[in-house]
Amino acid sequence: MPYIRGDYSLVKVYIDGIEVEVPPSYTILQAVNKIGVKIPTLCYFGEIYREASCRLCLVELENGKLVPACAYPIQDNLKVYTNTPRVRMTRRVVLELILAIHRIRCQSCPRKGGFCELLKLCNEYGVEGIPVCAECPLMGNDCFLTKGIPCLGPLTVAGCNAQCIIEGNACMGCRGPVTRRDVVEEAFKLYLKYNIPMSEVLSRMKMFWSSSPFYDHLTSLFSQFSLKYQGERHG
Amino acid sequence: MSSWTLLDRCCNTCWHSIDYPCRNYIRCRIEGPLCHDVSECRDKRLRRLKEIKYGKYGFKIKVPMASCTIAAGSKEVYKAVIDEVKSRGIRADISITGCMGLCFIDPWIELIKEGMPPAIYANVKPEDIPKIINEYLNGSVSSAFALRHRTGKAKDEDKVPLLEEIPAWGKQVRWVSRNCGIVNPESLEEYIAYGGYRGLERALKMKPEEVIEEVKKAGLRGRGGAGFPTWLKWKICRDQVSDVKYVIANADEGDPGAFMNRLLAESDPFRIIEGLTIAAYAIGAKQGFIFVRVEKPLMAERLSKAVEEARKYGLLGDNILGKGFSFNIEVILSAGAFVCGEETAMIAAIEGRTSPRQRPPYPATKGLWGKPTIINNVETLAHVSLILAEGWKEFAKYGTEKSKGTKMFCVTGAVKYTGAYEVPIGTTIKTLVEEIAGGVKEGRKIKAVQIGGPSGGCIPADLLDIPIDYHTLQSAGAIMGSGGIVVIDDTSCMVDVARYFTAFTVVESCGKCIPCRVGMKILYDIMTRITEGKGTEEDLEILEKLGNIVKNASLCALGGTAPNPILSTLRYFKDEYLAHIRDKKCPAKVCRKLIEYVIDESKCIGCGTCYRICSASAITKTPQGKYRIDPKKCIRCGQCYSTCPVNAIYKR
Amino acid sequence: MDTTTSNVIVKRIVENIGYDRRHLIRILQEIQREYGYLPRETLEEVSRILHIPLSDVLTVATFYHQFTLESPGLFTIWVCMGTACHLKGNAENYDYLRTILGLKEGEKTTKDKLFTVEKARCFGCCSLAPVIVVTGPGIRDLYGYVTPRDINKIIAKYRSLGLKKLKER
């Protein structure tokens, strides 16, 4: 029986069809790490926290059940699939759920510049809602806003790794606008902070996004914020 | 008559005591004396057994004192009985008893006199007592609701039906609930007199492995909802090597609309304790807990008292019945959390923490304080006591191929006869709802039946021929759950019902994992928008997709079953959803933002009752002297609708 | 709140029940029985004498529904949110109750501190749906088949009872 302590024999498990031999006290995550396959985790913290709360590390068993890799103990002959369409979809939805309650303030977040696991995962799984500003410092760019140049980065969906800024051009919003109120609000405050004329921002928005279904929503948010922060309506 | 009870020694030949117990103590209470043949001792026992049945004077009055009967007024009835007996100097024994499960006759009383048929009187008011007692003592049972058996000697006996002739009773199989409404729940003596503790006595004469084998042959499945084979859970725990093991009785019946555990615990608490003791013996535990919901205080009180009594007579404690087996029980009150019905959350609550844990490891291997723990539902334990007492064949007589035995179901909602009914598994929903519970009230149509509480699903009216079994309900989109069945008629809106259950789960979610905490809230927001007429067809797709993800990705069974009400109503009642979305109408006229209360001025008599009653000041008088409701101010409480003396107000 | 007296009371409760973490829920139940709610000072004292981080004590105090950290009114009105009660109209009763007591969004207790309105989980008396329970000093009264009209009567009854009690104090 693989649960008895002191049993040093290894057991066979099958990760995505690949055979691996691991000690019987291992979890799926430890087994998977042994062969270099990656499973995303957010709440896992080794021995300190293995409570499987975030549900991001879910993998699929032969019988279709989804189990958390960080906490599920391996058994002899266990067959695990880490990258099926169902697993990917579940990971995507979990990330979307996290974003739904997450306060996105990448521009001022201490995890800026490559320390944000959530951003990395969102980009990898195509979950949108985080602005380019979160990626820009990661690329080692100087912020155009600090130089007084209007850049649409704070309002644009991340995922391009801030290519244009690397090349020396302010962001033109080609991946489309963010739509969340709190993100737009942060962007607005950022523009105010660096004294970027709102008219410049609005004209760029009109140029690149007037055909977007979210354009009206964005401009209405801007009016609200200008009333809130500047006491008068713009555009 | 001395105050000698069955539990005492019959004479000095008997050497039984708590410290040196006799192995045949239980059997001897009724069939004894077993170790010596003395007719006085035998007669003493028989006399006492008769006393228990008919009282000291041959006349006994039983008044039920369970939460539901007390709420219906049985305390006042009890007082009235005492007053009447005292004032008229009647020689009678007045005893309390538990609930029969026929809630629609609460409060009831039973009169038993030697020679007369035991008669049950329904919906009794304190002022009826003198008449009832008088009539019975004069040999007539004309006001009785039912008789337990006939004697042919009472007047008007043929006019009163037998209890088993009433469908609500006769179609049941009262296996675990056999003592409910018959014994005094506070008396260990009565429990034993009616056959109690025979199960434990027999179990202690077997090896623990044999006890597990008996439960295996019986095919008992957990009655708490999941239906896991009880013997397997016990075996896994038994096989664990550990110095300490625990057993826990799950009395945290949290499903709204389910009260069979409460009924069992308040009416026959010793049965649960016996079952728990047998379970402890089978797996090798010395300490047990009974985890009771704080919202049901009488349940906790009865169980605590029963534990005390059992301890007093050596049925708990050291060297129980001379087998060298020691076991103690602690009754623990929860602090109010539905999730505590889940095994790992219950363990957390006993440990003084919160939140469920990821399984595996399962509690049977690593549970309370890391030790192997068995958690069984109260009803399961009640079955255990009877399986050991009567043998597995008696249990397996009933039920289906895959699920043997009987189960208690609480049928509530829009039915005529609300109550807790015990039937063999495999009985169709139709039999339960229509034949036993009497079907829906006059003028209404049955729409659906919700089984399994907030974790279950709705079965539409045209599928009621489904036999109630674990797998049949699952493929229909519901779950057996703890056995709560809520009947829904055409005055209820299915979207509103689904939203109601979702609201419940959102509040009760422990918040540990993301799918349940965030996902259920999003589902709830979408359901709210739909009931307010702001839903879109895209919302239905999201409900389906997100619902399935929450189901598969949640950490514990709460999140794993929470989307069931939404998913099952989407499956069978999509038209109601579409009506809310496309037509912005609620077909059942329930969702408040989509209905209006209107006064039909042609019927209005201008009495002004509605005007006076309206707390939102939304009703004004027209120049013609009639009344009119302002839909903008109206809060749709329905007060005017229910109080209008000429029914001039309608919903649209 | 006078912490010297409250600390003495907390110590007495913990002594009676036990100095172990596993008794935490029971200890909090006793404190709530004494005060009608869980005052912050008592939680701090429990954390101190049981050697449990205050955050853990608060986790338990906020997780379970029985506990409240706000001082309640003289009477608490529990509206059952069980299925049978909901179907028979307790949702309307709940809103109606809040309206006639003048409670706004997010408020639970009336300004005159007479009534607190709470949602209760199922009492298990589904045959009497819809059910409302009123608890207060020395009372626990259950009402069945409650209509908005009955609510008016119930409020009036406890209001006059409560005003009398407040006068006595």
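Here the structure is a predicted model, which means the values were calculated and not measured.

## What to know about the interface of chain C and chain B
So, point 1. Residue-level contacts link 39 residues of chain C with 44 residues of chain B.
So, point 2. Looking at the side of chain C that touches chain B, the elements with two or more residues in it are α2 (24–35), α4 (54–63), α5 (83–87), α6 (90–100) and α7 (148–168) of chain C.
So, point 3. For the side of chain C that touches chain B, the element with the highest residue contribution is α6(C), accounting for five residues.
So, point 4. A per-class count over the side of chain C that touches chain B returns 19 nonpolar, 14 polar and six charged.

## Comments concerning the sheet that holds strand β3 (residues 109–113) of chain B
Residue and element names in this part refer to chain B.
So, point 1. The five strands are arranged β2-β1-β3-β4-β5 in an open sheet whose pairing can be described as mixed. Every other strand in the sheet has two partners, leaving β2 (93–97) and β5 (146–147) as the edge strands with one partner each.
So, point 2. Where strand β1 (residues 59–64) lies against β2, five bridges are found, and the strand directions are parallel. Across the sheet, Val63 pairs through a bridge with Ile96, a residue of β2.
So, point 3. The sheet contacts of helix α4 (residues 74–87) involve β1, β2 and β3, and relative to β1 the element is tilted by about 160°.

## Let's talk about the arrangement of the chains
So, point 1. Contacts are most numerous, across the two pairs of chains in contact, for chains B and C.
So, point 2. The smallest C-alpha distance separating chain A from chain C is 16 Å, and no contact links them.

## Re the pairing of strand β8 (residues 328–333) of chain B
All names here are of chain B.
So, point 1. Inspection of the sheet shows strand β7 (residues 287–292) paired to β8 by six bridges, in the parallel sense. Of the residues in β8, the one forming a bridge with Gln287 is Asn328.
So, point 2. Crossover β7 to β8 through helix α13 (residues 297–312) is right-handed.

## Observations regarding the interface of chain A and chain B
So, point 1. At the junction of the two partners, chain A supplies 18 residues and chain B supplies 14 residues.
So, point 2. Of all the elements in the fold, those that place two or more residues in the side of chain A that touches chain B are β4 (66–68) and α2 (85–101) of chain A.
So, point 3. Examining the composition of the side of chain A that touches chain B, we find that seven residues originate from one element, α2(A), more than from any other.
So, point 4. Each residue belonging to the side of chain A that touches chain B can be placed in one class, and the counts come to 14 nonpolar, two polar and two charged.

## Comments concerning the domain arrangement of chain B
Residue and element names in this part refer to chain B.
So, point 1. Partitioning chain B into domains gives domain 1 (59–165), domain 2 (188–396), domain 3 (406–492), domain 4 (495–582) and domain 5 (596–651).
So, point 2. Taken over C-alpha atoms, the centre of domain 2 sits 27 Å from the centre of domain 3.
So, point 3. Of the residues belonging to the side of domain 2 that touches domain 3, the class tally is five nonpolar, four polar and four charged.

## Digging into α6(C)
So, point 1. Those residues of α6(C) not exposed but buried are C:Asn90, C:Ala91, C:Glu92, C:Asn93, C:Tyr94, C:Tyr96 and C:Leu97.
So, point 2. Looking at the buried side of α6(C), the elements it contacts are α26 (639–643) of chain B together with β1 (75–80), α5, β2 (115–120), β3 (132–136) and α7 of chain C.

## Some thoughts on unusual backbone geometry
So, point 1. Cis peptide bonds are those with omega within 30 degrees of zero, and the linkage from B:Asp106 to B:Pro107 qualifies with -15°.
So, point 2. Positionally, B:Pro107 belongs in the loop between β2 and β3.
So, point 3. Even without glycine at this site, A:Arg55 takes up a positive phi of about 65°.
So, point 4. Checked against the element boundaries, A:Arg55 lands in the loop between α1 (28–34) and β3 (58–61).

## So, the domain arrangement of chain C
Interface extent is often summarised as the accessible area lost during association of the parts.
So, point 1. Taken as a whole, chain C is organised into domain 1 (3–63) and domain 2 (75–168).
So, point 2. Just the C-alpha atoms count here: the centres of domain 1 of chain C and domain 2 of chain C sit 28 Å apart.

## A word on the sheet that holds strand β14 (residues 484–489) of chain B
All names here are of chain B.
So, point 1. Spatial ordering of the open sheet is given by β11-β10-β14-β12-β13, a layout of five strands whose pairing is mixed. Single-partner strands in this sheet number two, and they are β11 (419–424) and β13 (457–460). The average undirected angle you get between the axes of adjacent strands in this sheet is 30°.
So, point 2. Sheet topology note: the strand β12 (residues 446–451)/β13 ladder contains four bridges and is antiparallel. In the strand pairing of β13, Ala448 is matched with Pro460.

## Focus on the environment of B:Ile133
Residues and elements named next belong to chain B.
So, point 1. Following the sequence through the fold, Ile133 ends up in helix α5 (residues 129–137).
So, point 2. Sequence separation of Ile133 and Asp83 is 50 residues, and the distance between their C-alpha atoms is 12 Å.
So, point 3. Setting aside chain neighbours within four positions, we find Ile133 in contact with Glu84 and Ile90.

## Observations concerning helix α23 (residues 564–572) of chain B
Residues spaced three or four apart along an α-helix point in a common direction, a consequence of the helix completing one turn every 3.6 residues.
So, point 1. Here α23(B) lies mainly inside the structure; seven of its nine residues are buried.
So, point 2. The inward-facing, buried residues of α23(B) contact β13, α19 (494–508), α20 (514–531), α21 (537–553), α22 (557–561) and α24 (574–582) of chain B.

## A few points about the nonpolar core
Residues and elements named next belong to chain B.
So, point 1. Counting residues in each nonpolar core, the largest one holds 312 residues, and the members touching the most others are Ala279 and Val487.
So, point 2. Sort the elements by how many residues they give to this core and helix α12 (residues 269–283) lands first, with 10 residues.
So, point 3. Apart from residues no more than four positions distant in its own chain, Ala279 is found in contact with Trp234, Val247, Ile374, Asn376, Leu381 and Val384.
So, point 4. Residues Tyr597, Cys604, Cys610 and Tyr627 belong to the second largest nonpolar core, which totals 13 residues.

## Here's the deal with the environment of B:Ala382
Residues and elements named next belong to chain B.
So, point 1. You can see Ala382 is positioned in helix α15 (residues 378–390).
So, point 2. It is 10.0 Å that separates the C-alpha atoms of Ala382 and Arg223, two residues lying 159 residues apart in sequence.
So, point 3. If we skip the residues at most four places from it in the chain, Ala382 touches Val176, Leu264, Arg271, Ile272 and Gly275.

Rules used throughout
- Residues numbered from 1 in each chain as written.
- Chains lettered and ligands numbered in written order.
- Predicted model: local features only at pLDDT ≥ 70, side-chain atom pairs only at ≥ 80, totals over all residues.
- Contact = placed C-beta atoms within 7 Å.
- Helix = DSSP H or I, 4+ residues; strand = E, 2+ residues; numbered from the N terminus.
- Nonpolar A, V, L, I, M, F, W, Y, C, P; charged D, E, K, R; others polar.
- Pairing = 2+ DSSP bridges.
- Axes fitted to C-alpha atoms, helices over the stretch in contact; angles between N-to-C directions.
- Right-handed = clockwise from strand over helix to strand, strands pointing away.
- Domains from an automatic or database assignment.
- Buried ≥ 20, exposed ≤ 12 C-beta atoms within 10 Å, placed from the backbone.
- Core = buried A, V, L, I, M, F, W, Y, C linked by C-beta atoms within 7 Å.

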